[in-house]
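# Architecture and fold: a report
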Amino acid sequence: QVQLVESGGGLVQAGGSLRLSCAASARISSFDVMAWYRQAPGKQRELVAQFTGGGNTIYTDAVKGRFTISRDNAKNTLYLQMNSLKPEDTAVYYCGAFAVRTSWAWGQGTQVIVSS
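Now for a description of the structure that goes with this document. (Residues numbered from 1 in each chain as written. Predicted model: local features only at pLDDT ≥ 70, side-chain atom pairs only at ≥ 80, totals over all residues. Heavy atoms only, no water.)

### Here's the deal with the side chain of Ser21
The criterion, for reference: Under the DSSP-based scheme used, a helix requires at least four consecutive residues in state H or I and a strand at least two consecutive residues in state E, with every element numbered from the N terminus. Every residue pair with non-hydrogen atoms within 4.5 Å of one another is taken to be in contact.
By the element assignment, Ser21 lies in strand E3 (residues 18-24). Discounting residues that sit within four places of it in the chain, Ser21 has contacts with Val5, Glu6, Ser7, Trp36, Thr77, Leu78 and Tyr79.

Below, the structure is given as structure tokens:
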């Protein structure tokens, strides 16, 4: 089972930026989907952004134009650049890796708090 370790979360003022990283213990190029999800207090976990198997990217409407997902296959690392942060972006952010043969693997999450 792949190990995923997120980092880069923290406390930031509204309008600020953060860059999240997700280091994987296996080749991320071997997975069908690499994604960032988030879970705010009292809410369900929701998709933020993902790479599909074809290499395309998908973003939830709430972050389009502000967040950018990227990857470095040589470093087996997934990134999420978050700009123009809003208080409603406050959540625990999780990195996920999906493969048909193994289903989803998740990291432990990194907390992002955006103050108004």
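### Some details on the packing of aromatic side chains
We apply this condition: Centres within 6.5 Å make a pair out of two Phe, Tyr or Trp rings, where for Trp the six-membered ring is used; the pair is then stacked when the planes are under 30 degrees apart, edge-to-face when over 60, and tilted otherwise. When accessible area is computed with a 1.4 Å probe and restricted to protein chains, residues below 20% of their type maximum are described as buried, those above 50% as exposed, and intermediate ones as partly exposed. Criterion for a charge above a ring: Lys NZ or Arg CZ within 6 Å of the ring centre, and within 35 degrees of the ring normal.
Summed over all chains, the structure comprises four aromatic pairs. Ring centres of Phe98 and Trp104 lie 5.4 Å apart, and the angle between their planes is 45°; on these two criteria the pair is classed as tilted. With a relative accessible area of 22%, Phe98 lands in the partly exposed category. Residue classification places Trp104 among the partly exposed residues on the basis of a relative accessible area of 27%. Linked through ring pairs, Tyr37, Phe98, Trp104 and Trp106 together constitute an aromatic cluster. Taking NZ or CZ as reference, Arg45 lies 4.8 Å from the ring centre of Trp106, over its face. Sitting above the plane of the Phe31 ring, Arg101 keeps its charged end 6.0 Å from the centroid.

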